[in-house]
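The lines below spell out each chain.
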Amino acid sequence: MNADIFLWLVQDGVTNGAIYALLALALLLVFAVTRVIFVPQGEFITYAALSLSLLEAGRTPGTIYILAVGGLAAAAIDGYAALRERAWRRLPRIAALYIVLPLAIAFLVAWAAPRKLDQWIQVLLVLAMVVPLGPIVYRIAFQPLANASVLVLFIVSMAVHYILSGLSLVFFGGEGLRSSPFWDARFKLGVVEISAQSLFVVAASLLLIVGLWLLFEHSIYGKALRATAINRVGARLVGIPTALTGQLSFLLAAFIGAVSGILISSITTLYYDTGFLIGLKGFVGAILGGMASYPLAAAGALVLGLLESFSSFWASAFKEVIVFTSIIPMLVWLSLRSRHVEEDEE
Amino acid sequence: MSAALEIDGLSVAYGKVEALHRATLRVNEGAIATVIGPNGAGKSTLLAAIMGLLPSKGILRYAGALLDGSSTEERVARGMCLVPERRELFAELSVHDNLLLGAFHRRGDGARALAADFAEVYARFPRLKERSGQLAGTLSGGERQMLALGRALMAKPRLLLLDEPSLGLAPRVVRETFHIIADLKRTGVSMLLVEQNARAALQVADYAYVLEVGDIVLEGPAAELAGNPRVVETYLGLSSAAR
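As a further point, take unusual backbone geometry. Residues apart from glycine generally show negative phi values, whereas peptide bonds are mostly found in trans. Residues and elements named next belong to chain B. For Lys156, which is not glycine, the phi dihedral falls at a positive 50°. Relative to the helices and strands, Lys156 resides in the loop between α6 (141-154) and β7 (159-163). The phi torsion at Val213 lies on the positive side, around 35°, for a residue other than glycine. Within the element layout of this structure, Val213 appears in the loop between β9 (207-212) and β10 (215-221).

Okay, structure coming up:
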């Protein structure tokens with residue numbers, strides 16, 4: 001290995017690591033607030049990336065049907081609950097949030113798709129389609145189970161993953177898609193050539209991480225999210241609506257997933273199920289960081305990205321094996337360090 | 001006198017086991033009512049049901065309006081606040097952030113109103129001011145109780161529910177706590193106080209109820225109940241022996 005290859009591998013590893021770091025943060029956030037291990041995180045990547053590619057080709061992505069039908073289902077569940085509690089004043093809000101908004105987005109996308117608008121408008125459309133899916137998924141699958149054990153939530157999470165990836169196959173088909181890069185330039189930095197797209201990925205990840213930090217440290221809503229994660233009863237007692245914090249955390253996770261999908265859609269070819277593997281690596285990154293602190297999770301994800309790029313050079317056939325095996329020593333250490341505590345049931 | 005809280009025939013069941021059986025009680029506006037009774041009598045269950053943390057049957061009326069089907073956060077927004085037995089603080093957040101979140105339902109009130117409330121709470125609990133940057137989980141038992149009370153005060157409650165505020169505290173801190181409770185009454189806050197320390201509770205309260213295994217077995221003005229032979233024998237005698 002010479003310096004050229006080394007630097008190239010580092011660039012590749014850091015680019016992927018930045019994406020994994022984002023996903024690790026989203027997974028940690030969702031787990032901390034709702035105790036859901038968010039397996040379907042990867043589907044948001046897929047949906048965003050493939051929707052962007054389809055919009056670029058002037059085709060209408062099937063995401064709008066998932067959004068519209070999902071919105072209707074969430075509205076039905078929420079509406080039924082409101083009717084049973086005779087809380088009529090909640091109905092207009094439910095209709096606006098779960099029926100009017102998703103349908104409006106769906107029609108907007110259907111109208112815009114054949115017109116092949118500017119790339120940044122397409123990016124905004126993708127975000128508008130994918131991000132609302134987060135709260136909708138939470139409302140349908142997880143909110144009714146808010147007090148269930150971690151294991152039950154995990155099983156539901158797997159089910160949601162299979163449903164979403166099945167829908168992905170139905171609406172996007174089995175072929176791989178790739179979008180065009182935002183910025184085609186390459187920079188010479190000494191001996192190594194850096195693509196503008198990977199700079200873009202790293203910059204966007206850093207920006208998002210700083211944004212999340214500001215949210216959690218300096219806004220009352222971010223603090224409310226953390227408070228819910230620390231003590232649900234305490235959070236309810238100070239008047240934090242815990243259902244809302246669940247939806248907010250899923251919204252953030254969907255946003256992060258969608259941004260990751262948009263960022264990588266031009267770097268790699270994505271298939272209907274590619275997101276799952278990427279999401280899983282974000283999860284491994286979070287585990288490498290001990291599944292406890294945000295900076296450690298981000299660092300773990302970065303290490304994982306580098307490990308992946310170097311193992312693809314030295315032992316490319318075992319790349320995934322090496323990446324996923326790296327979780328084992330960490331798990332052993334985690335389980336040795338913490339004495340076994342029975343899960344705290346409410 | 002108008003009632004801050006009226007409870008009529010309130011029952012709470014954990015599965016098939018009834019923990020509270022058709023309890024009826026009221027807290028007058030600006031007064032302190034206390035519920036005394038042994039461990040496991042259903043006192044904490046009563047408070048949790050009042051806050052909507054547990055589903056219950058029966059009638060709950062707050063400031064004249066029914067609480068039917070309203071969520072905990074709606075009850076908090078309407079001025080009810082519970083200081084729970086386990087304090088339920090946010091251990092990994094700073095003392096300051098715990099207090100700030102106490103005012104979560106007043107987040108639209110503006111920075112000036114909050115600053116005034118912070119100043120008030122810090123004046124009442126100077127210890128919290130010294131430790132405002134410290135994580136809540138690192139506080140001592142007495143400081144935690146102060147923080148739980150301070151967090152509740154940040155919510156500007158009209159009805160304060162206190163669950164065993166003296167539990168696990170040193171006698172000096174207990175006295176301080178009851179001093180603060182009496183002080184709060186002067187500011188017009190109505191309170192429902194649940195206590196095992198019957199002596200202190202009967203001293204500070206206006207009206208008292210005795211709860212035993214899910215049933216209210218005795219009630220009356222606090223001063224009267226403090227002289228009731230049954231109360232003296234079961235609760236006052238016991239609590240002085242324990243101390």
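A word on the side chain of A:Asp78. Within the secondary structure, A:Asp78 is located in helix α3 (residues 63-84). Looking at A:Asp78, the relative accessible area reads 13%, which means it is buried.

Pairing between side chains of opposite charge can happen when the charged atoms of each approach one another. Residues and elements named next belong to chain A. Applying the stated criterion to the full structure yields 19 salt bridges over all chains. Between Glu308 and Lys281 there is a salt bridge, with the nearest N and O atoms lying 2.6 Å from each other. Taken together, the residues Glu308 in helix α13 (residues 294-314) and Lys281 in helix α12 (residues 274-288) connect sequence positions 27 residues apart. By relative accessible area, which is 5% here, Lys281 ends up buried.

What follows covers helix α1 (residues 3-34) of chain A. Look at α1(A): 45 Å from first C-alpha to last across 32 residues, which is about the 46 Å you get at 1.5 Å a residue. If you check the start of α1(A), you find a side-chain oxygen 3.2 Å away from the backbone N of A:Asp4, and it comes from A:Asn2.

Each partner contributes residues to the interface: chain A has 19 residues there, and chain B has 24 residues. Across the chain A/chain B interface, buried area totals approximately 2000 Å², and carbon plus sulfur atoms make up 67% of it. It is A:Arg236, A:Leu237 and A:Val238 that lose the most area in chain A upon contact with chain B, and together they represent 32% of the buried surface on that side. Counting every contact that joins chain A to chain B gives one salt bridge. Between A:Lys223 and B:Asp97 there is a salt bridge, with the nearest N and O atoms lying 3.0 Å from each other. Counting across the chain A and chain B interface gives five residue pairs in polar contact (both at pLDDT 80 or more). Secondary structure elements with two or more residues in the side of chain A that touches chain B: α9 (220-230) and α10 (232-237) of chain A. The element that contributes the greatest number of residues to the side of chain A that touches chain B is α9(A), accounting for seven residues. Of the residues assigned to the side of chain A that touches chain B, the class counts are eleven nonpolar, three polar and five charged.

Turning to the pairing of strand β1 (residues 3-14) of chain B, a few remarks are in order. Residues and elements named next belong to chain B. Of the strand pairs in this sheet, β1 and strand β2 (residues 17-28) are connected by eight bridges, and their pairing is antiparallel. The partner of Leu5 across the bridge, within β2, is Val27. Pairing geometry for β1 and strand β4 (residues 57-62), over five bridges, is antiparallel. Across the sheet, the residue bridging to Ser11 is Lys57, located in β4.

Residues and elements named next belong to chain B. Taken in spatial order, the six strands make up an open sheet running β6-β7-β8-β3-β9-β10, and their pairing is mixed. Every interior strand has two partners, whereas the edge strands, β6 (80-83) and β10, have only one. Each adjacent strand pair in this sheet contributes to an overall mean axis angle of 15°, direction not counted. Two strands pair when backbone bridges link them, and β6 and β7 are joined in this way by four bridges, in the parallel orientation. Bridging across to β7, Val83 finds its partner in Leu162. Sheet strands in contact with α6 are β6 and β7, and its direction is about 175° off that of β6.

In this section: the pairing of β10(B). Residues and elements named next belong to chain B. Both β9 and β10 contribute to a ladder of six bridges, which runs antiparallel. Residue Ala208 lies in a different strand from β10, and its bridge partner there is Gly220. Where β9 folds back onto β10 in an antiparallel hairpin, the turn is made up of two residues, including Val213, whose phi is positive at roughly 35°.

A word on the packing of aromatic side chains. In this description, a pair of aromatic rings is defined by centroid distance and the angle of the planes. Under the counting rule described, the total for this entry stands at twelve aromatic pairs over all chains. For the ring pair A:Phe6 and A:Phe310, a centre distance of 5.5 Å and an interplane angle of 50° mean the geometry is tilted. Placement of the pair is A:Phe6 in helix α1 and A:Phe310 in helix α13, with a sequence separation of 304 residues. The exposure class assigned to A:Phe6 is partly exposed, which follows from its relative accessible area of 39%. Given a relative accessible area of 13%, A:Phe310 falls into the buried group. Between A:Phe142 and A:Phe250 the ring centres are 5.4 Å apart and the planes differ by 45°, which places this aromatic pair in the tilted class. Highlighted residues: A:Phe142 in helix α6 (residues 133-142) and A:Phe250 in helix α11 (residues 242-264), separated in sequence by 108 residues. By relative accessible area, A:Phe142 is classed as buried at 1%. Chaining the aromatic ring pairs together yields one cluster made of A:Phe38, A:Phe44, A:Tyr138, A:Phe142 and A:Phe250. Sitting above the plane of the B:Phe104 ring, B:Arg107 keeps its charged end 4.2 Å from the centroid.

Cut-offs used in this document
Residues numbered from 1 in each chain as written. Chains lettered and ligands numbered in written order. Predicted model: local features only at pLDDT ≥ 70, side-chain atom pairs only at ≥ 80, totals over all residues. Heavy atoms only, no water. Helix = DSSP H or I, 4+ residues; strand = E, 2+ residues; numbered from the N terminus. Buried < 20%, exposed > 50% of the residue type's maximum accessible area, 1.4 Å probe, protein only. Salt bridge = Lys/Arg side-chain N within 4 Å of Asp/Glu carboxyl O. Expected span 1.5 Å × (residues − 1). Polar contact = N/O pair within 3.5 Å; in protein donor to acceptor, adjacent residues only side chain to side chain. Contact = heavy atoms within 4.5 Å. Buried area = accessible area lost by both parts, 1.4 Å probe. Nonpolar A, V, L, I, M, F, W, Y, C, P; charged D, E, K, R; others polar. Pairing = 2+ DSSP bridges. Axes fitted to C-alpha atoms, helices over the stretch in contact; angles between N-to-C directions. Phe/Tyr/Trp six-rings, centres within 6.5 Å; stacked < 30°, edge-to-face > 60°. Lys NZ or Arg CZ within 6 Å of the ring centre and 35° of its normal.

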